[in-house]
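Below are the chains, spelled out letter by letter.
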Amino acid sequence: MLQFASSDSSAESEIAKVESTSRRNDLHDEMRLRAVGMLQAGARQSAVVRELNVHRSVIHRLWNHYQRDQNASRRRGSGRRRITTNYVLIITIKSVFACFVFIFLLIF
């Protein structure tokens, strides 16, 4: 197995194993930086996946994001837009329009 020089690498591996026996679908900031460091050092994505016990898509997306933006932080608020936001906007626009029509009809 590939070993990297880090004083707390075994501790992080143990923490990852204790947190969950299944593969994780997200990474903490420290683990993100560690994964990027391993990939920059020339490690294969499959080795990083095994070391951090995450799904391969997590590392793949992280590496693509890092190569594109030179940033390994999480993209906050990049999830699916909620229907309620659009629904409230449409209802608001309709009610404002209805008020204008009502006022227009009262005036003329």
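Small disclaimer: the values here were computed from a predicted structure and weren't measured.

About the criteria used
Residues numbered from 1 in each chain as written. Predicted model: local features only at pLDDT ≥ 70, side-chain atom pairs only at ≥ 80, totals over all residues. Heavy atoms only, no water. Helix = DSSP H or I, 4+ residues; strand = E, 2+ residues; numbered from the N terminus. Polar contact = N/O pair within 3.5 Å; in protein donor to acceptor, adjacent residues only side chain to side chain. Phe/Tyr/Trp six-rings, centres within 6.5 Å; stacked < 30°, edge-to-face > 60°. Buried < 20%, exposed > 50% of the residue type's maximum accessible area, 1.4 Å probe, protein only.

A word on the side chain of Glu51
1) Next: Structurally, the position occupied by Glu51 is in helix 3 (residues 45-52).
2) Next: Engagement of the side chain of Glu51 in a polar contact is seen with the side chain of Arg34, the distance being 3.0 Å.

Describing the packing of aromatic side chains
1) Next: Summed over all chains, the structure comprises 1 aromatic pair.
2) Next: Arranged with centres 5.8 Å apart and planes meeting at 20°, the rings of Trp63 and Tyr66 form a pair that is stacked. Of this pair, Trp63 and Tyr66 both sit in helix 4 (residues 56-69), 3 residues apart, which is roughly one turn of that helix. No difference in accessibility class separates Trp63 from Tyr66, as the two residues are buried.

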